[in-house]
Structure formats: structure tokens, C-alpha cells
Amino acid sequence: MHQRPFQQVDVFTATPYRGNPLAVVLDGTGLSTEAMQEFTNWTNLSEATFLLPPSSQGRAAGADYRVRIFCPGRELPFAGHPTLGSCHAWLKAGGQPQVAGKVVQECGVGLVTLRQDGERLAFAAPPLLKSGPLAEEDVALIARGLGVARGDILHHAWCDNGPNWRGVMLRSAEQVRSLKPDASILGQLDVGVVGPRGKVGVIGSTDADGIAFEVRAFFPGNNGLAEDPVTGSLNAALAQWLIGAGLAPAQYVAAQGTCLGRAGRVYVQQDGDTIWVGGSSVTCVAGEVLL
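Undergrad: Tell me about the overall build of the protein chain, residues and numbers included.
TA: Scanning the protein chain from terminus to terminus reveals 7 helices and 17 strands. For 291 residues, the compact-globule estimate of 2.2 N^0.38 gives 19 Å, and the protein chain sits close to it at 18 Å. Overall size of the protein chain, expressed as C-alpha extent along the three principal axes, is 55 × 40 × 35 Å. The 291 residues of the protein chain split such that 53% are buried.

Undergrad: Pulling in residues and values, what's your account of the packing of aromatic side chains?
TA: All chains considered together, the criterion is met by 7 aromatic pairs. Summarising the aromatic geometry, the rings of F78 and F123 are spaced 5.5 Å apart at their centres and angled 70 degrees between planes, so their arrangement reads as edge-to-face. On the criterion of sequence distance, the pair formed by F78 in the loop between β5 (74-76) and α3 (80-92) and F123 in strand β8 (residues 120-124) is long-range, its members being 45 residues apart. On the numbers, 5.2 Å between centres and 75 degrees between planes, the contact of F213 with Y252 is edge-to-face. Residue F213 is located in strand β12 (residues 213-221), and its partner Y252 is located in strand β14 (residues 251-256); the two are separated by 39 residues in the primary sequence. Overall, Y252 belongs to the buried group, its relative accessible area being 5%. Here a set of aromatic residues connected by ring pairs shows up, and it is made of F6, F39, W42, F50 and F70. Here R120 stacks its cationic end above the ring of Y267, 3.7 Å away from the centre of that ring. Just above the ring of W158 sits the side chain of K130; from NZ or CZ to the centre is 4.0 Å.

Undergrad: A description of the pattern of salt bridges should follow, citing residues and the corresponding values.
TA: The full count for this structure, using the stated rule, is 8 salt bridges. Among the salt bridges present, the one from D271 reaches R115, with a minimum N-O distance of 3.5 Å. With D271 in strand β15 (residues 264-271) and R115 in strand β7 (residues 110-117), the pair connects residues that are 156 residues apart, well separated along the chain. For D271, a relative accessible area of 44% puts it in the partly exposed group. Measuring nitrogen to oxygen at the nearest pair gives 3.1 Å for the salt bridge that ties E214 to R177. Pair noted here: E214 is in strand β12 and R177 is in helix α5 (residues 173-177), with a separation of 37 residues, a long-range link. With a relative accessible area of 1%, E214 lands in the buried category. Three or more residues joined by partner-sharing salt bridges are found here, namely E174, R177 and E214.

Undergrad: Can you break down unusual backbone geometry residue by residue, with the values?
TA: The phi angle of most residues is negative, glycine excepted, and most peptide bonds adopt the trans form. Located in the positive-phi region is F12, a residue other than glycine, with phi close to 65 degrees. By the secondary structure assignment, F12 is in the loop between β1 (3-11) and β2 (20-25). Of note in the backbone geometry, N44 takes a positive phi value of approximately 60 degrees without being a glycine. Along the polypeptide, N44 turns up in the loop between α1 (33-43) and β3 (48-52).

Undergrad: Could you give an account of the environment of S178, naming the residues involved and the relevant values?
TA: When you line up the elements, S178 lands in the loop between α5 and α6 (183-186). S178 sits 31 residues away from G147 along the chain, and the two C-alpha atoms are 10.0 Å apart. At 3.0 Å, the side chain of S178 and the backbone oxygen of Q175 are in polar contact.

Undergrad: I'd love a proper account of the nonpolar core, names of residues and values included.
TA: One finds F213, W241, L242 and Y252 to be the most contacted residues of the largest nonpolar core, which totals 51 residues. By residue number, the principal contributor to this core is helix α7 (residues 232-244), which donates 8 residues. With near-sequence residues (within four places) excluded, W241 lies in contact with H155, H156, A157, C159, G167, V168, M169, V194 and L247. With 17 residues, the next largest nonpolar core counts I142, A143, L179 and F218 among its residues.

Undergrad: Tell me about the state of the cysteines, residues and numbers included.
TA: Any covalent bond linking the sulfur atoms of two cysteines counts as a disulfide. For the structure on display, the rule yields 0 disulfides. The thiol of C159 is unpaired, and the distance to the nearest cysteine sulfur, on C71, comes to 19 Å. Looking at C159, the relative accessible area reads 0%, which means it is buried. Distance from the sulfur of C284, which forms no disulfide, to the nearest cysteine sulfur (C87) is 17 Å. In this structure C284 comes out as partly exposed when scored by relative accessible area, which is 23%.

Calculation criteria
- Residues numbered from 1 in each chain as written.
- Predicted model: local features only at pLDDT ≥ 70, side-chain atom pairs only at ≥ 80, totals over all residues.
- Heavy atoms only, no water.
- Helix = DSSP H or I, 4+ residues; strand = E, 2+ residues; numbered from the N terminus.
- Rg over C-alpha atoms; globule rule 2.2 N^0.38 Å.
- Buried < 20%, exposed > 50% of the residue type's maximum accessible area, 1.4 Å probe, protein only.
- Phe/Tyr/Trp six-rings, centres within 6.5 Å; stacked < 30°, edge-to-face > 60°.
- Lys NZ or Arg CZ within 6 Å of the ring centre and 35° of its normal.
- Salt bridge = Lys/Arg side-chain N within 4 Å of Asp/Glu carboxyl O.
- Polar contact = N/O pair within 3.5 Å; in protein donor to acceptor, adjacent residues only side chain to side chain.
- Core = buried A, V, L, I, M, F, W, Y, C linked by side-chain atoms within 4.5 Å.
- Contact = heavy atoms within 4.5 Å.
- Disulfide = S-S within 2.5 Å.

Below is the structure:
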């Protein structure tokens, strides 16, 4: 075992302890997959990441670093808040991108480009692996699991960019915040719920505080159904769906984590054919871990 540099980063927030935490081991060289998984499980966080030098193929393609992303029980090819948090930690530790203002991350899905926008970072949403409307039996099941009428689900789609998210849009942000999902029904699905806030509806205008959508994310956890504080992968897929379908403007801000006492803010912007998903990050713990 060795002492390795470490940061615990709060992602999608500029205020410590109001976003989604991430454990980042800044030097994962020599660690086995088993050791990475064991450490991830021990942190009791939704994800932990391990930074490594790029592979020879990744280096040739311009990657600045490689990251392996783990959640309890398994490795992930991609996840949003670990991407932003890992990049934030890499830069804070002195990482220097090959191109100013642009960072290229190598991970399980390949290369992911991030850009710096002041203090915020944003990643280019990866391609959807599955899109299009959900099967009606899935929609009916989700409605029962959320405790809403089938007619309250206004729109729905596959939002699969690695995690198998199913996205549904409800009538309002208030309805999204009031949900009390039934774990016995939804326990085997990854479900993302989005509701327009204030005056947005499906026309894309914002309310007084500038938030377009309220988002919640439910997924099977270690002890039944869990809720994620702020979810980059889901918000990326939701943005591709909603903007592509004309249900959201080309630029908006989503809130997530409200029902968990968090204040996550996800900044979405379409730039040509690319949708950028960004947010602030703040380092809450810095030091070393024995691994």
C-alpha cells in the first residue's frame, strides 16, 4: 500500500456540501480493479474515480488523463458528475491540459471533451446508446411506481448513455418534488423524472429564479430504491432528448437534489451539434489515502 493524493469534491455546486460528493484518487497507478472497487465500496459514496496516465491510444488521440469510474458494486464506462469532479481535482492538483481551456478525458466510453467556462467545467454529452419513446408497459409501470396517473406523464423517452435511464416528464416541478416512489415497483429500473418549473412548461421560458426544470433521479441502490443528489449522465441525456424534441430551449439551467436538502445546478447549452453539460465544483477534503 502507498499514500496517494486524494480529494473529495462536491460537484454541481459552488457551495460546499450542497451538491453531489465524489472521491478522487489522483494517482491510481498500480491499483487492481479489485482494490479500486473495494475502496469505492468503503467510501459509501455514489462514485469514486481513479486517475491514470492516458493509454497509448488515448495519448495519440490527445487525452490529458485517463479515469476509471466506480460505483458500489461495479465499474461504469461513463458518468457525469465523476467526469466534472475528476477534471476539477486534476486541475486543482496542477494538471495542465494540452490545449488551453480544453481538457480531454479518456474513460470507458472513449474520449470525452471538457471545456472551461470561468470557474465552471462542462462536458460534451456522449452519444445516446438508446433513444426514442419507452414501451407503453414501461410507462404504465413507472406511473404506478411514482404514484401518479398515467396521464400525468406528458412525455417519455429512453435516455441511455451508459446508465439505462428512462426519462419521463411530469406536469410541473411541484409534482416532481412531491413524488414518493414505491421501491417495490421501481426497484429494478433507473428512472429520471423532469418537471418544468414556474412558467416554463414546454415553451422554454424561465421563472424568476432562472431555473427551467426540476430533476430527480431514482435507481436501485444497496438498500432498495435510491435517489441521486445530482446526476450528470441523466441531465446530459435529458438535454439531448428535450432539446431535440423541442421541449426545452437550447440553453437552460436544471435544479436537482432539492428534496435531499441539496441545491445542485446543472447548466446546459447547445452549441452546434454538441450539447454541453456543466456545473461548478468545490474541493471539500484534500490529503492522502492509503491504498
